[in-house]
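An overview of the molecular structure
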Amino acid sequence: PSLSDDVYRYVWDGRVQVAGHHPYKFAPADPVRSELREGVVYPKINHPEIPTIYPPLAEMLFAALALANLGVTGFKIAFALLDVGVIFALARLLRALGLPRDRVVWYAWNPLAVIEICASGHVESLGILLVVSALVLLVEGKATAAGAALGGAIQAKLLPLLLVPGFSRRVKTPALAALLAVVAAQAE
């Protein structure tokens, strides 16, 4: 990673779950997790004295990637593929808004996305994909599905919580119920 070491924590959290441990219960430095510390990932974890801070959908993704036996490079590739999904979702949004789809290059050629998501291995691509999907669904008149997608975005990254007030002014009760149901869902 070039700008962040978060990807090591993602790999650790995924491996912890695959080993049958709950990621929110114990910090990596806790003696309960000592048998999982072999390899190059543990020494590079940021703040090993703190249990994970990532929302449940992100943790489910980490577990799935770890179950596939992917390491740091595999996680980065998965996040890059999610970012490709963002590009397609943005193209769909532009089409739904009647705007030129070639504007998608403003995101696709953005070096910050490449560096942060692909090189540093950040899970933001999952949250961004779900936020853009929520926008697409809202523009297409599928408010309930948009609520579920925004709820998923919040379960992937907490920052989309800031979008809830604006979203709630634009939709009716079923869409808000879908959003709340997804946010209230707990990963076990």
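See the structure above.
Residues numbered from 1 in each chain as written. Predicted model: local features only at pLDDT ≥ 70, side-chain atom pairs only at ≥ 80, totals over all residues. Heavy atoms only, no water.

**Focus: unusual backbone geometry**
One non-glycine residue, histidine 47, lies in the positive phi region at around 50°. Along the chain, histidine 47 turns up in the loop between helix H1 (6-18) and helix H2 (56-67). Despite not being glycine, asparagine 69 has its phi angle at roughly 65°, a positive value. With respect to the helices and strands, the residue asparagine 69 is situated in the loop between H2 and helix H3 (72-96). (Helix = DSSP H or I, 4+ residues; strand = E, 2+ residues; numbered from the N terminus.)

**Brief notes about the pattern of salt bridges**
Across all of its chains, the model carries four salt bridges by this definition. Across the pair arginine 9 and aspartate 13 runs a salt bridge whose closest N-O atoms are separated by 3.4 Å. Placement of the pair is arginine 9 and aspartate 13 together in helix H1, with a separation of four residues, close to one helical turn. Residue class for arginine 9 comes out buried when judged on its relative accessible area of 3%. Overall, the relative accessible area of 2% leaves aspartate 13 in the buried class. Between glutamate 124 and lysine 157 there is a salt bridge, with its nearest N and O atoms 3.0 Å apart. (Salt bridge = Lys/Arg side-chain N within 4 Å of Asp/Glu carboxyl O. Buried < 20%, exposed > 50% of the residue type's maximum accessible area, 1.4 Å probe, protein only.)

**A short note on the nonpolar core**
Within the largest apolar cluster, 47 residues are counted, with the highest numbers of intra-cluster contacts made by Tyr10, Phe62, Phe75, Phe79 and Val123. Residue assignment for this core shows that the elements contributing at least two residues are H1, H2, H3, helix H5 (111-119), helix H6 (124-139), helix H7 (143-156) and helix H9 (173-184). In terms of residues, this core owes the most to one element, H3, which gives 10 residues. The contact partners of phenylalanine 75, leaving out residues within four places of it in the chain, are Val7, Tyr10, Val11, Phe62, Leu65, Ala66 and Leu70. (Core = buried A, V, L, I, M, F, W, Y, C linked by side-chain atoms within 4.5 Å. Contact = heavy atoms within 4.5 Å.)

**A short note on the environment of glycine 74**
Here glycine 74 lies in helix H3. On the accessibility criterion, glycine 74 (15% relative accessible area) is buried. C-alpha of glycine 74 to C-alpha of alanine 108: the two residues are 34 residues apart in sequence and 21 Å apart in space.

**Considering the side chain of glutamate 59**
Examined against the element boundaries, glutamate 59 turns out to sit in helix H2. Although buried, glutamate 59 forms no salt bridge, and the nearest oppositely charged side chain, arginine 9, lies 6.6 Å from it. For glutamate 59, the contacting residues outside a window of four places in its chain are Asp13, Gln17, Pro23, Tyr24, Thr52 and Tyr54. (Lys, Arg positive; Asp, Glu negative; His and termini not counted.)

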